[in-house]
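So you can see what is in the structure, the chains are spelled out below.
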Amino acid sequence: MSDPAITPATDPHAGQETLEGGASLATARAATILVHGRGSTALNILRLKDAIDPGDVAFFAPQAASNTWYPYPFTVPTRMNEPWLGSALKRIDDLVARIVESGVPSGGVLIAGFSQGACLTLEYAARTDRRLGAVAALSGGLIGPPDLQREAVPGSKVGLPVFIGCGDIDEHIGLDAVERSAAFFDTAGATVDLRIYQGMPHMIVQDELDAVRAQLAALTNSSTATR
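Quick summary incoming for the structure in this document. Worth saying up front: this structure is predicted, and the values here are computed from it rather than measured.

Criteria and thresholds
Residues numbered from 1 in each chain as written. Predicted model: local features only at pLDDT ≥ 70, side-chain atom pairs only at ≥ 80, totals over all residues. Heavy atoms only, no water. Helix = DSSP H or I, 4+ residues; strand = E, 2+ residues; numbered from the N terminus. Rg over C-alpha atoms; globule rule 2.2 N^0.38 Å. Buried < 20%, exposed > 50% of the residue type's maximum accessible area, 1.4 Å probe, protein only. 1 Å grid on protein atoms, 1.4 Å probe; cavity = no way out; pocket = protein on both sides within 12 Å on 5 of 7 lines; lining within 4 Å. Points joined across faces, edges and corners; volume = space filled by probe spheres on them. Nonpolar A, V, L, I, M, F, W, Y, C, P; charged D, E, K, R; others polar. Salt bridge = Lys/Arg side-chain N within 4 Å of Asp/Glu carboxyl O. Pairing = 2+ DSSP bridges. Axes fitted to C-alpha atoms, helices over the stretch in contact; angles between N-to-C directions. Contact = heavy atoms within 4.5 Å. Disulfide = S-S within 2.5 Å. Parallel < 35°, antiparallel > 145°, perpendicular 65-115°, else oblique. Left-handed = near helix turned anticlockwise from the far one by under 90°. Right-handed = clockwise from strand over helix to strand, strands pointing away.

Turning our eyes to something else, we now look at the overall build of the chain. A tally of helices and strands in the chain yields six helices and seven strands. Counted from the first residue to the last, the chain has its helices and strands arranged as β-β-α-α-β-α-β-α-β-β-α-β-α. Radius of gyration (C-alpha) of the chain: 16 Å, near the 17 Å computed for a compact globule of 227 residues. Overall, the chain is about 50 × 35 × 35 Å in size when its C-alpha atoms are taken along their principal axes. Taken across its 227 residues, the chain has 52% of its residues classed as buried.

Structure representation (C-alpha cells):
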C-alpha cells in the first residue's frame, strides 16, 4: 500500500490555510469549526455555512495537506495514520484555543465534519478535556479498529450535545462504527442524537443540516456563549 502525496513530517498539516466566514470573532456569540472530508477542501465544507448559520456565528474551515487528514481508512490501527492524525487533531485544538482567546468560550464552540472530517471531529471530541458546546458528525465514526478497547469515562462529557447522522447503505462508513461511537459518547454522559437514514449513501441530507443549525441556535441563545 502506497502512501498518499502528503509529506510524512512531524506536523504535516502545519502552515495550511484556514478559511473564515460568518460573524467576526469580535462580535460572535458562538463559533463553528467545519472539517472537510478526504479529497475535499476547506472551501467546499465552508459552503455549508449558509444552511446552518442562525446568525452571530463565526465559521472556520481548516485545510488538510493534500486534502487528506490521514492516509489510511479510519478503521486501521491508529499508529498507521500517524503523524497525520496527531497533526490534524492539533489543527483543531489550535483553532479552539484561538477562538477561546478571542473571548468565545469553548462552551460556545461547535465542531462539525463530514466523512473523514466527521471521524476527526468525533475523535477530537473524545480525546479533548475542553468543554465543547456541541459536536456534529455527518457520516463518520471514532477512529480506530473495531476491536480497539476504548473505555469512556462516565460523566466526562455530561450534557455535551453530539449529533451523528449516517445512511444505512453508506459505502465508506459502517453502521457498526457509527453505533459504537454513539455508545461511547452515551456512556460518557453526552446527549446523543443518532439518526440512521434509510437508503442513504455517503452524502449529507437536509435533516442533518437542520439538526446542526438547531445545535448552533441553542449555542447562540445559551448563557455559556454570551460574552
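With that settled, the discussion passes to the layout of surface pockets. In this structure, the largest pocket spans a volume of roughly 260 Å³. Taken together, 16 residues line the largest pocket, and the ones lying closest to its centre are L142, L148, R150, R180 and F184. Taken together, the residues of the lining of the largest pocket sort by class into nine nonpolar, four polar and three charged.

Once that is clear, we can look at the pattern of salt bridges. By the definition in use, this model includes nine salt bridges. Note that R150 is salt-bridged to E123, the shortest N-O span being 2.8 Å. Linking R150 in the loop between β5 (134-138) and β6 (161-167) with E123 in helix α4 (residues 116-127), this pair joins segments that are 27 residues apart in sequence. A relative accessible area of 1% places E123 in the buried class.

So, about the sheet that holds strand β2 (residues 30-35). Adjacent strands of a sheet form backbone hydrogen bonds with each other and so pair up, either parallel or antiparallel. A sheet is described by the order of its strands in space; here seven strands give the open sequence β1-β3-β2-β4-β5-β6-β7, paired in mixed fashion. Strand pairing shows two members of the sheet lacking a second neighbour, β1 (18-22) and β7 (191-197), which therefore form its edges. Within this sheet the neighbouring strands show an average axis-to-axis angle of 15°, counted without direction. In the packing of helix α3 (residues 84-102) onto the sheet, the strands contacted are β1, β2, β3 (57-62) and β4 (109-114), and the crossing angle to β2 comes to about 165°.

In this section: the state of the cysteines. Applying the stated criterion to the full structure yields zero disulfides. C119 takes part in no disulfide bond, and the closest cysteine sulfur to it belongs to C166, at a distance of 9.1 Å. Overall, the relative accessible area of 1% leaves C119 in the buried class.

Once that is clear, we can look at the environment of P73. Mapped onto the elements, P73 comes out in the loop between β3 and α3. Here P73 falls in the partly exposed class, since its relative accessible area comes to 42%. Each C-alpha atom of the pair P73 and D129 lies 26 Å from the other, and the pair is 56 residues apart in sequence.

We now examine the packing of α4 against helix α5 (residues 175-187). Where α4 meets α5, the closest approach of the two axes is 11 Å, and the angle between their N-to-C directions is 25°. With respect to each other, α4 and α5 are oriented roughly parallel. As for how α4 packs across α5, the hand of that crossing is left-handed. Here L122, A125 and A126 of α4 come into contact with α5, specifically with S181, F184 and F185. Each residue belonging to the contact of α4 with α5 can be placed in one class, and the counts come to five nonpolar, one polar and no charged.

Looking now at the pairing of β5. Consecutive residues of a regular strand have side chains that alternate between opposite faces of the sheet. For β5, a buried count of five out of five residues is recorded, marking the element as mostly surrounded by other parts of the structure. Burial along β5 is two-sided: the face carrying A134, A136 and L138 and the face carrying V135 and A137 are both buried. In this sheet, β5 lies alongside β4 in parallel orientation, the contact comprising five bridges. Paired with L110 across the strands is A134, a residue of β5. Traced from β4 through α4 to β5, the parallel crossover comes out right-handed. Sheet topology note: the β5/β6 ladder contains four bridges and is parallel.

All quantities given are derived from atomic positions and should not be read as evidence of function.
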